[in-house]
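# Survey of secondary and tertiary structure
Spelled out, the chains give:
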Amino acid sequence: MSAATATTAPAPPRPRAGARAVPSRIVAPVAVGVIAIGVWQFLVSVVGVSDYLLPSPAAIGAELVRFLPAIVSGSAVTGGNALLGLLAGSLIGILLAAVAAAARPVNHMLAPIVAALAVIPIVALAPVLNTMFGADSQFGRQAIAGIAAFTPVFLGTLRGLRQATPVHRDLMRVYAASPWQAFRTVTLPTAVPHVFTGVRIASSLAVISALVAEYFGGPRGGLGGLISTYAAQSAYARSWAFVVGAVVLGLVFFFAASRIERLAARGVGPHR
Amino acid sequence: MSDVTTTAAVRASGVEKVFPTRAGEVHALSDVNLTVAAGEFVSLIGPSGCGKSTLLRLIADLDEPTAGTLEVFGKSARRARLDQDYGIAFQQAGLLPWRTVADNVALPLQLHGVAPRARAARVAELLDMVGLADFADRFPDQLSGGMQQRVAIARALAERPNLLLMDEPFGALDEMTRERMQTELLRICAETGAAVVFVTHSIPEAVYLSDRVVVMSPRPGRISEIVTMRLDDTAGRTEDLREDAAYFEMITAVREALHGEAVVLRGVETR
């Protein structure tokens, strides 16, 4: 034991907060990724798992580079559909939630519709909308992304609009504030972080929905359509390269929405 | 304005409050008669469920009495609320966390259309009064509980009310902060000349602050006794009072009134 201690270099002093050291929350996931890809490559090139079962990371990487322009343009198509759907779905969700929060009967009227929208299977709706709006229209996909985005935003907003604390409501009454003043001063600022939590959840759903909707016909060019096309041609490595593109697109949406959520929460969160 | 000094700040006669609940009616207040003179400091004290907070909420027109009449400066409680005749502070500071300290204090002024320049001047004055001038641009969650409560008091004083309603404002504070806040409150009241109705469940706090202590008892909530403090004028009280024999006598008097024992001490009147 003492010999082992003697040969080990003295432990470096613990880095103080703010010291320039790469934090483990970056090192750990990167290490996991590198090891996983290494094991994967080893399985394919040394153990000999066949290419159509599991394309090697190197092959996927090569296709990724070769088809980068197509992946980028495909991301633009799918991302555009998702973004449009997200914006429209969020807007409608916020407006309807505001009405539902203001009038209880409206809330009761909307509840079953929202429940129905929440459980609509995208795979079932996509072929219907694609057929309805024609093979050359992106509208069906945008509508599906919008439907997927609507529910979390609606529910988040409705919840947020009811979060005003009793003491704040008392305060508004004490100051004889008009309903509009009370809404602007207390209800709305309380609701905003909840709205953007809904938008953050909706952002991922919108991308996935826009992507999956492309599997069921309609114009080519989106990531989802190309993934299914290349899979059908047995070009698995190429198909996986487009999947990587889809993951990146989903992450871009998620991080952008998370960033906006944090900015919105800063208004009411800790200010240290 | 001259009649403000002669009209009673609060006059309650025969006030009843019944809350309907699923388990039947709860008689929160029964036959409450109380007059608070202008500039007078009155504490409401009693065990949980004695209706002291309910009475305060009725005065503030946050609830309405089931029966009886309640006047604030000779008007209905509702009229007084609409006229902004009182300021109020709750047990929770109730600050808006997304507004700075200054913007929180400015809230009532802003809601009532005071021009930005006059608003800023008044806010500076108020923050000075509660000793938070250096914290104007901070947010509430950057302040200690005692500082937040001082912001809430500054906000309650923003429109120079002649009546201050306080519902256990120091209830969540530690004892040392609490004593300091009490002394500051007396100083502020002396400066503003406002009448105060102060809900508390601390006997020393009630005695230290008040001209009169209203002792309440539960089921149904009612006033069981009103004890007049035979102490210095509230404006002249300092920390020294906490070690004064007269102070302890008054604490004993209030405690005995609370526990319903025969009170034979001098300086106690039963109404």
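Per chain, the residues get numbers from 1 upward, laid out in the order the sequence is written. Following the order in which they are written, the chains are lettered starting with A and the ligands numbered starting with 1. At least 70 in pLDDT is required for a residue's local features to be given in this predicted model, at least 80 for side-chain atom pairs to be given and counted, and no such filter applies to totals for whole chains, interfaces and linings, which use all residues. The basis for every side-chain value is the complete set of non-hydrogen atoms in the structure, without hydrogens or water.

## A word on the pattern of salt bridges
Residue and element names in this part refer to chain B. Basic side-chain nitrogens of Lys or Arg form a salt bridge, by our definition, when they fall within 4 Å of a carboxyl oxygen of Asp or Glu. A complete count under the given rule lists 17 salt bridges over all chains for this structure. Among the ionic pairs, Arg 57 bridges to Asp 63, the shortest N-O distance being 3.2 Å. Take Arg 57: its relative accessible area is 25%, and that puts it in the partly exposed class. Within the structure, one salt-bridge network assembled from shared partners comprises Lys 75, Arg 79, Asp 83 and Asp 85. Three exposure classes are used, based on accessible area relative to the maximum for each residue type with a 1.4 Å probe and protein chains only: buried under 20%, partly exposed in between, and exposed over 50%.

## Brief notes about the interface of chain B and chain A
In what follows, residue pairs with any heavy atoms lying within 4.5 Å of each other are defined as contacts. Facing 24 residues of chain B, the contacting portion of chain A comprises 21 residues. For the chain B and chain A pair, buried surface summed over both sides reaches about 2,100 Å², with 59% attributable to carbon and sulfur atoms. Among the residues of chain B in contact with chain A, Trp98(B), Leu111(B) and Asp141(B) are the three that bury the most area, contributing 31% of the side total. Along the contact surface separating chain B from chain A lie 2 salt bridges. Note that Asp170(A) is salt-bridged to Arg57(B), the shortest N-O span being 2.7 Å. Whenever a nitrogen or oxygen atom comes within 3.5 Å of another N or O atom, the pair is scored as a polar contact, on the condition that within protein one atom can donate a hydrogen and the other can accept it, and that pairs from neighbouring residues in sequence are kept only if both atoms are in side chains. Counting across the interface, chain B meets chain A through 8 residue pairs in polar contact (both at pLDDT 80 or more). Numbering goes from the N terminus for both helices and strands, where a helix is a DSSP run of H or I of at least four residues and a strand is a run of E of at least two. Among the elements of the structure, α2 (77-82), β6 (86-89) and α3 (101-111) of chain B are those that each provide at least two residues to the side of chain B that touches chain A. By convention, the term buried area covers the 1.4 Å-probe accessible surface removed from two parts as they join, with the contributions of both added.

## Observations concerning the side chain of Glu184(B)
Relative to the helices and strands, Glu184(B) is located in helix α6 (residues 175-192). Once you skip the residues sitting within four places of it in the chain, Glu184(B) turns out to touch Val130(B) and Arg150(B).

## Some points on the nonpolar core
To qualify as a nonpolar core, a set must consist of buried Ala, Val, Leu, Ile, Met, Phe, Trp, Tyr and Cys residues joined through side-chain atoms within 4.5 Å. By size, the foremost hydrophobic cluster in this structure holds 54 residues, and its most contacted members are Leu127(B), Leu185(B), Val207(B) and Val254(B). In terms of residue count, the dominant contributor to this core is helix α5 (residues 145-157) of chain B (7 residues). Non-local contacts of Val254(B), meaning those with residues more than four positions away in its chain, are made with Ile45(B), Ile203(B), Val207(B), Val213(B), Val215(B), Val227(B) and Met229(B). Membership of the second largest hydrophobic core comes to 46 residues, among which are Val186(A), Ala12(B), Val15(B) and Val199(B).

## Some words on the sheet that holds strand β7 (residues 163-167) of chain B
Residue and element names in this part refer to chain B. The strand order β6-β7-β8-β3-β9-β10 describes an open sheet built from 6 strands, whose pairing is mixed. What marks the edges here is a single partner per strand, and that holds for β6 and β10 (222-228). Going from strand to strand, the sheet's axes swing by 15° on average, the running direction of each strand aside. Between any two strands, pairing holds if DSSP finds at least two bridges. Relative to β10, strand β9 (residues 212-217) is paired through 6 bridges, and the arrangement is antiparallel. Its bridge partner being in β10, Arg 212 is matched across the sheet by Thr 228. Between N-to-C directions, angles span 0 to 180 degrees; the directions come from axes that are lines fitted to C-alpha atoms, helices contributing only their stretch in contact.

## Observations concerning the sheet that holds strand β1 (residues 10-21) of chain B
All names here are of chain B. Across the sheet, which stays open at both edges, the 4 strands sit in the order β2-β1-β4-β5 with antiparallel pairing between neighbours. A single partner strand is all that each edge strand has here, and the edge strands are β2 (24-36) and β5 (75-76). The sheet contact formed by β1 and β2 spans 9 bridges and is antiparallel. When the sheet's bridge partners are listed, Arg 11 is paired in β2 with Thr 35.

## Observations regarding a negative patch on the surface
All names here are of chain B. The grouping of Asp 232, Asp 233, Asp 240, Glu 243 and Asp 244 at the surface amounts to a negative patch. In this fold, Asp 232 is placed in the loop between β10 and α8 (245-258). The class for Asp 232 is exposed, based on a relative accessible area of 51%. Patch definition: residues with relative accessible area over 30% and no salt bridge; like charges joined within 9 Å; nonpolar side chains (Val, Leu, Ile, Met, Phe, Trp, Tyr) joined within 5 Å. All accessible-area figures derive from a Shrake-Rupley calculation using a 1.4 Å probe, and residue coverage is judged against the displayed protein chains alone. Counted as positive: Lys and Arg. Counted as negative: Asp and Glu, with His and the chain ends omitted from the count. Charge positions come from single atoms, namely NZ of Lys, CZ of Arg, CG of Asp or CD of Glu.

## Concerning the pairing of β7(B)
Residue and element names in this part refer to chain B. Along β7, 5 of the 5 residues are buried, which leaves the element largely enclosed by surrounding structure. Residue alternation in β7 divides its side chains into two sets, Leu 163, Leu 165 and Asp 167 and Leu 164 and Met 166, and both sets are buried. Of the strand pairs in this sheet, β7 and strand β8 (residues 195-200) are connected by 5 bridges, and their pairing is parallel. In the sheet register, Asp 167 faces β8, and the bridge partner there is Val 199.

## Examining unusual backbone geometry
A cis amide bond links Arg219(B) to the next residue, Pro220(B), at an omega of -10°. Following the sequence through the fold, Pro220(B) ends up in the loop between β9 and β10. In this structure, Ser234(A) takes a positive phi of about 65° despite not being glycine. You can call Ser234(A) partly exposed: its relative accessible area is 47%. Phi at Asp31(B) takes a positive value of approximately 45°, unusual for a residue other than glycine. Position of Asp31(B) among the secondary structure elements: in strand β2.

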